[in-house]
Amino acid sequence: RAMAGPPGLKPLVAVGQVTSTPDKELNFAACAGLVREAARRGACLVFLPEGFDYIGSDTAQTLSLAEGLDGDLMGRYAELARDCGVWLSLGGFHERGRDWPTTQRIYNCHALLDPAGHLVAAYRKTHLCDVELEGRVTMKESSFTNPGTEIVPPVSTPAGKLGLSICYDLRFPEISLALRRAGAEILTYPSAFTVPTGSAHWEVLLRARAIESQCYVVAAAQTGKNHERRTSYGHALVVDPWGAVVAQCREGPGLCYAEIDLDYLHRIRREIPVHGHRRPDLYGTVAAAGLAPVP
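Reading guide: rules and limits
- Residues numbered from 1 in each chain as written.
- Predicted model: local features only at pLDDT ≥ 70, side-chain atom pairs only at ≥ 80, totals over all residues.
- Heavy atoms only, no water.
- UniProt positions renumbered as here; feature names shortened; annotations may be inferred.
- Buried < 20%, exposed > 50% of the residue type's maximum accessible area, 1.4 Å probe, protein only.
- Helix = DSSP H or I, 4+ residues; strand = E, 2+ residues; numbered from the N terminus.
- Arc of directions from axis to C-beta.
- Contact = heavy atoms within 4.5 Å.
- Phe/Tyr/Trp six-rings, centres within 6.5 Å; stacked < 30°, edge-to-face > 60°.
- Axes fitted to C-alpha atoms, helices over the stretch in contact; angles between N-to-C directions.
- Parallel < 35°, antiparallel > 145°, perpendicular 65-115°, else oblique.
- Left-handed = near helix turned anticlockwise from the far one by under 90°.
- Nonpolar A, V, L, I, M, F, W, Y, C, P; charged D, E, K, R; others polar.
- Core = buried A, V, L, I, M, F, W, Y, C linked by side-chain atoms within 4.5 Å.
- Pairing = 2+ DSSP bridges.
- Salt bridge = Lys/Arg side-chain N within 4 Å of Asp/Glu carboxyl O.
- Expected span 1.5 Å × (residues − 1).

Looking at an unreviewed UniProt entry, one finds the protein named Deaminated glutathione amidase and attributed to Fregetta grallaria. The UniProt entry for the protein carries the following text under Sequence similarities (unreviewed entry): "Belongs to the carbon-nitrogen hydrolase superfamily. NIT1/NIT2 family."

This is the structure we're talking about:
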């Protein structure tokens, strides 16, 4: 059981990298093993990536395997949180919501469990990944997923105030800045990036979100071959509020660890007080004015 450390020790977080497949039992065994290992190392908060429950080989399978938050799988993760005494960031659960009977569509849900196994927050992905890179990647998440309708307020954890997002949300700085304004100290982007987009954009986007929000950024990730038609980029990592990568997973499934230093975070915010320099009075939609000469 993970216990609070002696006074003065910084809280330790563990960030998971997994290769989910359509086999939910194998995926649970792999994730549970990582959570138990992290608890033994003294982590207070363990992050698992988008699709930690499974990654289906097609839309029909993805929909057929989905469960509600009150289902068997989330119950097993609640028991795991209790057994290990850790917080769990479960970063992309295929959720059958209350509207499943009418919509036949799911939600991509980031569930946060406390060490008692209670569901303390559930964020449903608001930006759905519909992209087509000719000859390389085609994804249309909106074809089977309902978009969430709200940003969830940051949650106080032993590591800091945690703001929840998921994967494609990373491309929208508005959500990170909204969470920062609401008090977030850690932003988390559990993900399943593809190799083409990950190799080009993953680290630079995560570092940008950390620098502009002056938050820690934690990004658990899928890695390797999920099924015959999908390979994920990996490179789960943690970025500090200065923009430095302070932890990163190697190839394959595993964990990386980072201490969260909130004194350091608040020092950075004092030294470069961008939050106080923002001009929200100017940040509305800029009208498309005519090409009049500048006075």
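(A) Inspection of helix α7 (residues 262–271) at higher detail. Along α7, the positions that sit buried rather than exposed are L265, I268 and R269. Across the axial projection of α7, the buried residues extend over an arc of 100°, all falling on one side. Facing away from the buried side of α7 by over 90 degrees, the exposed positions are D263, R270 and E271. Tucked into the core, α7 has its buried residues touching α5 (173–181), α6 (195–213) and β11 (216–219).

(B) Quick peek at the packing of aromatic side chains. Tallied over the entire structure, the rule returns five aromatic pairs. Both rings, one in F52 and one in Y77, keep their centres 5.2 Å apart while their planes meet at 90°; by these two values the pair is edge-to-face. Taken together, the residues span a long stretch of sequence, with F52 in the loop between β2 (45–48) and α2 (59–65) and Y77 in helix α3 (residues 72–84) at a distance of 25 residues. We classify Y77 as buried; its relative accessible area is 1%.

(C) Summary view of the packing of helix α1 (residues 24–40) against α3. The contact between α1 and α3 brings their axes to 10 Å, and the two run at 15°. Comparing their axes, α3 and α1 come out roughly parallel. Relative to α3, α1 is oriented so that their crossing is right-handed. Seen from α1, the contacting residues are K24, E25, N27, F28, C31, A32, V35, R36 and A39; seen from α3, they are L73, R76, Y77, L80, D83 and C84. Its residues assigned to classes, the contact of α1 with α3 comprises nine nonpolar, one polar and five charged.

(D) Fine view of the nonpolar core. In terms of nonpolar packing, the biggest core is built from 46 residues, with V15, L45, F47, L112, W202 and L206 touching the most fellow members. Apart from the residues lying within four places of it in its own chain, the contact partners of L112 are L45, W87, L88, S89, H118, L119, V120, A121, V155, L162 and L164.

(E) Examining the pairing of strand β4 (residues 107–113) more closely. Buried residues dominate β4, accounting for seven of its seven residues. Of the two faces of β4, the one lined by Y107, C109, A111 and L113 and the one lined by N108, H110 and L112 are each fully buried. Note: strand β3 (residues 87–95) against β4, seven bridges, orientation antiparallel. Note that in β4 the partner of F93 across the bridge is C109. Looking at chain direction, β4 and strand β5 (residues 119–124) are connected through five bridges and run antiparallel. Pairing of A111 across the sheet is with A122, part of β5. Counted along the chain from β4 to the antiparallel partner β5, the turn is five residues long, and its residue G117 has a positive phi close to 85°.

(F) View of the pattern of salt bridges. Applying the stated criterion across every chain yields a total of 11 salt bridges. Close ionic contact of R209 with E212 constitutes a salt bridge, the shortest N to O distance being 2.3 Å. Within this pair, R209 and its partner E212 are both found in helix α6, separated by three residues, close to a single helical turn. According to the relative accessible area criterion, R209 is buried, its value standing at 6%. For E212, a relative accessible area of 27% corresponds to the partly exposed category. Residues joined by salt bridges that share partners form a network here, namely E25, D72 and R76.

(G) Layout of the environment of T188. With respect to the element layout, T188 can be found in strand β10 (residues 186–188). T188 sits in the buried class, given a relative accessible area of 1%. For the pair T188 and E141, spaced 47 residues apart in the sequence, the C-alpha separation amounts to 20 Å. Beyond its immediate stretch of four places on either side in the chain, T188 contacts F47, S89, H110, L162, G163, L164, S165 and V218.

(H) Region of the structure containing the sheet that holds β11. If you trace the six strands from one edge of the open sheet to the other, you get β8-β9-β10-β11-β14-β15, paired in mixed fashion. At either margin of the open sheet sits one strand with a lone partner, and together these are β8 (155–157) and β15 (245–248). Across the sheet, the axes of successive neighbouring strands diverge by a mean angle of 25°, strand direction being ignored. Sheet topology places β10 next to β11; three bridges connect them, and they run parallel. Looking across to β11, one finds that L187 is bridged to V217.

(I) Here's a closer look at α6. Its 19 residues place the ends of α6 26 Å apart at the C-alpha level, agreeing with the 27 Å of an ideal helix rising 1.5 Å per residue. Q214 occupies a position one or two residues after α6 and carries a positive phi of about 55°.

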